[in-house]
Amino acid sequence: MSPVQQPRPALARRLRALRETLWPDAGVTQGQLAQAFGGNKPLSISLISSWENADKPVAPPTKRLEAYATLFATRRSLDGGTLRVLPVHELTDGERTRRKELLEELLGLREGRNLGAPGSARDIWTFDEDQNITIVCARLPEKYRKHLSYADSESADFVSLYTYADPDALIELFGHIRSRNPDNNVKFCTSEELTADDYTSHLVLLGGVDWNSVTRDVIERVDLPVEQVGRADDAEHGGFRVQQDGRPKLFEPKLDRREHLLEDVAHFYRGESPFNRKRTVTVCNGMYGRGTLGAVRALTDARFRDRNTAYVHERFGDVESFSIISRVPVVGGQGLTPDWTLEENRLHEWPEAAE
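Residues numbered from 1 in each chain as written. Predicted model: local features only at pLDDT ≥ 70, side-chain atom pairs only at ≥ 80, totals over all residues. Heavy atoms only, no water.

Asks: Would you mind going over the overall build of the protein with me for this structure?
Replies: Looking only at helices and strands, one finds eleven helices and twelve strands in the protein. What you see for the protein is a C-alpha radius of gyration of 22 Å, in line with the 20 Å of a compact globule of 355 residues. The principal-axis extent of the C-alpha atoms belonging to the protein is close to 70 × 55 × 40 Å. For the protein, long-range pairs separated by at least 24 residues make up 62% of all intrachain contacts whose partners lie at least 6 apart in sequence. Put simply, the protein shows about 17,800 Å² of open surface, and 47% of that area lies on carbon and sulfur atoms. Side chains of the protein give 47 positive and 55 negative charges; the mean places of these two sets differ by 5 Å. (Helix = DSSP H or I, 4+ residues; strand = E, 2+ residues; numbered from the N terminus. Rg over C-alpha atoms; globule rule 2.2 N^0.38 Å. Contact = heavy atoms within 4.5 Å. Areas by Shrake-Rupley, 256 points an atom, 1.4 Å probe, with all protein chains shown as cover. Lys, Arg positive; Asp, Glu negative; His and termini not counted. Charge placed at Lys NZ, Arg CZ, Asp CG, Glu CD.)

Next comes the structure, spelled out in C-alpha cells:
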C-alpha cells in the first residue's frame, strides 16, 4: 500500500483518547458520539468504533473531523445533559482557537504529516489567522461582454459577476477558502481592480496569461520551468510547454473534429509571492475554463481533496514552490476533477522527483 493510502493508526488512537480521557468524569460513549454527529439520523456505533480501531483504522471524512474538533473544543458540548455539536458561530474566541488547533492536529494525523515541520500546513487552502487572501480573476473581454445585458453597467439588469472570466472556478474556490479561514479577510476582484495592498496579500490567480495580466506578471517573476502558450484567437488551442529530456514538450488540450473539448489541461502552482516573501501566490489555470475549474477542484472537491492534498505533501514535502500539470477529462460537457494519485493524470511535476 502506498504512503498516500496507508491508514493512520495514530489518528484512531487520538480519537479514542479524546472520547475517553479529555473529560474522563463525563464517560462519553461511542453511542453518544454517533447521536451527536448524526442528529436526526444517528451514525452507527460500529462506524464510530471503526474510526477508533488502531489495528484496522478507517479514516473519517473531513466533515466528521470538523465535528470532532468542534465538539471537543468546549466542555459546553455537554451542557443540558445531552452531548451535541455546537454551531461554530456560538463558540467563544478561545473555543474557536482550540477548535482550529484540534482540527489541524486531526487532519495532520489523517494525512500522516508532521505538523511541527517548517512550512507544514493542514490544508493547501488554510492560511494563518489575520492574513488577507485575494482571489484575482481576469475580466471577460469586451467582445464577449457586449452581447450580455447583465454585463453592461448601464443596464438595470447589471450583475458584476457576469464581467468575470472563470466565475464557476471563482465561486467554488471563494466558498472553500472562506470556510477554511473564517477569521481571515478573503476578497475577490478582477486583475484591473487589484490595489497595491492586494499585491502583498496571499494571491490566488484564476486563469492564464491570455486574459489575466496578474498571472502573466507573476509567472514572469518566479522560477518556474512551465510556459503557457497562449491562444491568439478562438481557433487556437495553446498549451503548457516544459523542457523534458532536454527538449521542449507541449501539453495541449484535446478536441474532436467539431472542436468539442474532450480533455483540457490544468496547471496548479504554489510558491512564495514575488511581491511579499511572507505570503504565497497560487495559480489555478487551464487552457479553457474547465481546466481552470479542474485545477481548483483538485483541492476543493470533497471526494478528491484529501487524497490529492496527501499526495502533494508526500511528493513535495516542505518545498516552498511546486507545480503540477494534469489532465482534466471532459464528459458530457462537464470537466472532471483530476485525481493526482493516478500517475496517468499527472503530465508534469516540478521540482522533479529525486532518483
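Asks: Looking at this structure, how should I read the sheet that holds strand E5 (residues 239-244)?
Replies: Think of a sheet as strands paired side by side through backbone hydrogen bonds, with each pair either parallel or antiparallel. Judged by pairing direction, the sheet is antiparallel, and its three strands sit side by side in the order E4-E5-E6 without closing on themselves. Looking along the sheet, the strands with just one partner apiece sit at the ends: strand E4 (226-229) and strand E6 (247-251). Looking at each pair of strands side by side, their axes are set apart by 30° on average, direction ignored. Strand direction decides the pairing type here: E5 and E6, joined by five bridges, are antiparallel. Considered in E6, the bridge of Gln244 is made with Arg247. (Pairing = 2+ DSSP bridges. Axes fitted to C-alpha atoms, helices over the stretch in contact; angles between N-to-C directions.)

Asks: When you look at helix H2 (residues 30-38) in this model, what are you seeing that I'm missing?
Replies: The α-helix advances 3.6 residues per turn, and as a result positions three or four apart in sequence lie on the same side. Listed as buried for H2 are Gln30, Leu33, Ala34, Ala36 and Phe37. Looking at the buried positions of H2, the neighbouring elements they touch are helix H1 (9-21), helix H3 (45-52) and helix H4 (62-71). One or two positions beyond H2, positive phi appears at Gly39, with a value near 65°. (Buried < 20%, exposed > 50% of the residue type's maximum accessible area, 1.4 Å probe, protein only.)

Asks: Got a minute to help me understand the pairing of strand E10 (residues 322-331) in this structure?
Replies: On a regular strand, one side chain projects to one face of the sheet and the next to the other, so that they alternate. Extensive coverage of E10 is indicated by the burial of seven of its ten residues. The sheet contact formed by strand E8 (residues 261-273) and E10 spans eight bridges and is antiparallel. Residue Val265 lies in a different strand from E10, and its bridge partner there is Arg327. The pairing of E10 with strand E12 (residues 346-350) spans four bridges and is classified as antiparallel. Following the sheet pairing, Ile324 is matched in E12 by Glu349. Here two bridges tie E10 to strand E11 (residues 334-335), and the two strands are oriented antiparallel to one another. The partner of Val331 across the bridge, within E11, is Gln334.

Asks: Would you take a moment to explain H1 for this structure?
Replies: The first and last C-alpha atoms of H1 sit 18 Å apart over 13 residues, in line with the 18 Å expected at 1.5 Å per residue. Within H1, the full set of buried residues consists of Leu11, Ala12, Leu15, Leu18 and Arg19. All buried residues of H1 fall inside an arc of 125° around its axis, so they share one side. Every exposed residue of H1 that faces more than 90 degrees away from the buried side is listed here: Arg13 and Thr21. Those residues of H1 that are buried are in contact with H2, H3, H4 and helix H5 (93-111). (Expected span 1.5 Å × (residues − 1). Arc of directions from axis to C-beta.)

Asks: Just to check I follow, could you spell out the packing of aromatic side chains for this structure?
Replies: Within the structure shown, the criterion is met by eleven aromatic pairs. With 4.8 Å between their ring centres and 65° between their planes, Phe37 and Tyr68 make a pair best called edge-to-face. Of this pair, Phe37 sits in helix H2 while Tyr68 sits in helix H4; the two residues are 31 residues apart in sequence, bridging distant segments of the chain. Judged by its relative accessible area of 9%, Phe37 falls in the buried class. (Phe/Tyr/Trp six-rings, centres within 6.5 Å; stacked < 30°, edge-to-face > 60°.)

Asks: Can you walk me through the pattern of salt bridges in this structure?
Replies: All told, the structure shown has 21 salt bridges when counted by the stated rule. Arg14 is the partner of Glu105 in a salt bridge, and the nearest nitrogen-oxygen pair spans 2.7 Å. Residue Glu105 is located in helix H5, and its partner Arg14 is located in helix H1; the two are separated by 91 residues in the primary sequence. Under the relative-accessibility criterion, Arg14 is labelled partly exposed at 22%. Here Arg16 ties to Glu20 by a salt bridge, and the two come within 3.2 Å at their closest N and O atoms. Residue Arg16 and its partner Glu20 are located together in helix H1, separated by four residues, close to a single helical turn. Given a relative accessible area of 35%, Glu20 falls into the partly exposed group. (Salt bridge = Lys/Arg side-chain N within 4 Å of Asp/Glu carboxyl O.)

Asks: Quick question: what am I supposed to make of the pairing of strand E1 (residues 133-137) here?
Replies: Along E1, five of the five residues are buried, which leaves the element largely enclosed by surrounding structure. Note that E1 and strand E2 (residues 186-190) share five bridges and pair parallel. By the bridge assignment for E2, Ile135 is matched with Phe188. Both E1 and strand E3 (residues 202-206) contribute to a ladder of four bridges, which runs parallel.

Asks: For this particular structure, what's the right way to read the packing of H2 against H3?
Replies: When two helices pack together, their arrangement is given by the angle between the helix axes and by the axis-to-axis distance. For the pair H2 and H3, the least separation of the axes is 8 Å and the interaxial angle reads 110°. Here H2 is positioned roughly perpendicular relative to H3, judged by the angle of their axes. Touching Gln30, Gly31, Leu33, Ala34 and Phe37 of H2 are Ile45, Ile48, Ser49, Trp51 and Glu52, all from H3. Partitioned by chemical class, the residues of the contact of H2 with H3 number six nonpolar, three polar and one charged. (Parallel < 35°, antiparallel > 145°, perpendicular 65-115°, else oblique. Nonpolar A, V, L, I, M, F, W, Y, C, P; charged D, E, K, R; others polar.)

Asks: What is the right way to look at the side chain of Thr292 in this model?
Replies: Relative to the assigned elements, Thr292 resides in helix H10 (residues 289-297). Once you skip the residues sitting within four places of it in the chain, Thr292 turns out to touch Asp166, Ala169, Leu206, Gly207, Cys284, Asn285 and Gly286.

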